[in-house]
Every structure is written in C-alpha cells, then in structure tokens.
Amino acid sequence: MASNAKQTLMDNETLSATTVGSSFNLIGRSDLHVGFIKAANVNAATTVSGVIQHSPNGIDWFTLATFAAIAGAAGSEVVNITAGVLPNVRANVTLAGATQAADVTVDIYFRERS
C-alpha cells in the first residue's frame, strides 16, 4: 500500500547568498510529487527565487520545479510536479537584492510506493 511522505531539501536555513542544498535519492520509491517553498524573515530588500532540481547521476542537474519569486516579505508556494522525476533531487535557492537575508525551507512531498 502506498503512503504519503516528505523529504526536506532545505530545512529553515538562514541564507545570505545563493545556496544549493544536499541531494537526496528517491529512486524507484515515489510518484505524485509536490514541491513546497517557504521563506521567512525575508529582508525588505531581498528577493528569494527557488527551484527543485533533479539528476540522473548526481552530477548533471536539471530544473524540475520553479517557484514564483518571494520579494521583501515572508511567503510560500506549492507547485504540482507533473514531469517524471529523475532519481536524485535537491533545492537551489537564489537570493537577490541590496541586502540578502531570508530563512528558507524547501520540501518535496510524494507518494511512497511499497
């Protein structure tokens, strides 16, 4: 029987620059993917842009899901991932603006196959 699961790709990390999170392997164990980003304590002069990337080999990375920019205030977004997901996933968050500061969480939710 399938069950719902979550993999945290970036865990409320305090960022002051572009950051690439650790990669996680979901090979053969998931489907029905949903991405989530939350930015808190966003500096008024900061824009947070995030993507979830996936890779067949942990070396070559491709954008899987793109979140709308979060600018100058806290915000969050959920995106449905309709494309097939390669085995490895990670978050890549870019900060832009005169002062770059935000606390960012990125998760991928999925149905875990048994």
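Residues numbered from 1 in each chain as written. Predicted model: local features only at pLDDT ≥ 70, side-chain atom pairs only at ≥ 80, totals over all residues. Heavy atoms only, no water.

Chemist: Please clarify how the overall build of the chain should be interpreted in this entry.
Modeler: Secondary structure assignment for the chain yields 0 helices and 10 strands. Order of helices (α) and strands (β) in the chain, N terminus to C terminus: β-β-β-β-β-β-β-β-β-β. Rg of the C-alpha trace for the chain: 14 Å, near the compact-globule value of 13 Å for 114 residues, within the 12% margin. Within the chain, the proportion of its 114 residues that are buried is 42%. Restricting to contacts in the chain with at least 6 residues of sequence separation, those with at least 24 account for 78%. Counting every atom, the chain has about 5800 Å² of accessible surface; 50% of that belongs to carbon and sulfur. Measuring between centres, the 6 positive side-chain charges of the chain sit 6 Å from its 8 negative side-chain charges. (Helix = DSSP H or I, 4+ residues; strand = E, 2+ residues; numbered from the N terminus. Rg over C-alpha atoms; globule rule 2.2 N^0.38 Å. Buried < 20%, exposed > 50% of the residue type's maximum accessible area, 1.4 Å probe, protein only. Contact = heavy atoms within 4.5 Å. Areas by Shrake-Rupley, 256 points an atom, 1.4 Å probe, with all protein chains shown as cover. Lys, Arg positive; Asp, Glu negative; His and termini not counted. Charge placed at Lys NZ, Arg CZ, Asp CG, Glu CD.)

Chemist: Just to check I follow, could you spell out the sheet that holds strand β1 (residues 3-15) for this structure?
Modeler: Strand order in the open sheet formed by 4 strands is β1-β10-β4-β8, with antiparallel pairing between adjacent strands. Among the strands making up the open sheet, the edge pair consists of β1 and β8 (75-80). When the angles between neighbouring strand axes are averaged without regard to direction, this sheet yields 15°. Of the strand pairs in this sheet, strand β4 (residues 30-40) and strand β10 (residues 102-112) are connected by 9 bridges, and their pairing is antiparallel. Pairing of Ala39 across the sheet is with Val104, part of β10. (Pairing = 2+ DSSP bridges. Axes fitted to C-alpha atoms, helices over the stretch in contact; angles between N-to-C directions.)

Chemist: I'm lost on the nonpolar core in this one. Help?
Modeler: When a protein is soluble and globular, its nonpolar side chains tend to lie buried together. Ranked by size, the top nonpolar core spans 25 residues in total, and within it Val48, Ile52, Val93, Val104 and Val106 carry the most contacts. Counting residues per element, this core draws most heavily on β10, at 5 residues. Filtering out sequence-adjacent residues up to four positions away, Val106 remains in contact with Gln7, Thr8, Leu9, Met10, Phe36, Ile37, Ile52, Phe67, Ala91 and Val93. (Core = buried A, V, L, I, M, F, W, Y, C linked by side-chain atoms within 4.5 Å.)

Chemist: Can you walk me through the side chain of Asp31 in this structure?
Modeler: Within the element layout of this structure, Asp31 appears in strand β4. Of the polar contacts made by the side chain of Asp31, one reaches the side chain of Arg111; its length is 2.8 Å. (Polar contact = N/O pair within 3.5 Å; in protein donor to acceptor, adjacent residues only side chain to side chain.)

Chemist: What is the right way to read the pattern of salt bridges from this model?
Modeler: Oppositely charged side chains may form a pair once their charged atoms are brought near each other. If you walk through the whole model with that rule in mind, you get 1 salt bridge. Linking Arg111 and Asp31 is a salt bridge whose minimum nitrogen-to-oxygen distance equals 2.8 Å. Taken together, the residues span a long stretch of sequence, with Arg111 in strand β10 and Asp31 in strand β4 at a distance of 80 residues. (Salt bridge = Lys/Arg side-chain N within 4 Å of Asp/Glu carboxyl O.)

Chemist: Please clarify how the pairing of strand β6 (residues 62-66) should be interpreted in this entry.
Modeler: Regular strands place side chains that alternate from one sheet face to the opposite one. As defined by bridge partners, strand β5 (residues 47-55) adjoins β6 across 4 bridges and the pair is classed as antiparallel. Residue pairing across strands places His54 opposite Phe62, the latter belonging to β6. Hairpin geometry of β5 and β6 is characterised by an intervening segment of 6 residues between the two adjacent antiparallel strands and by a positive phi of about 80° at Gly58.

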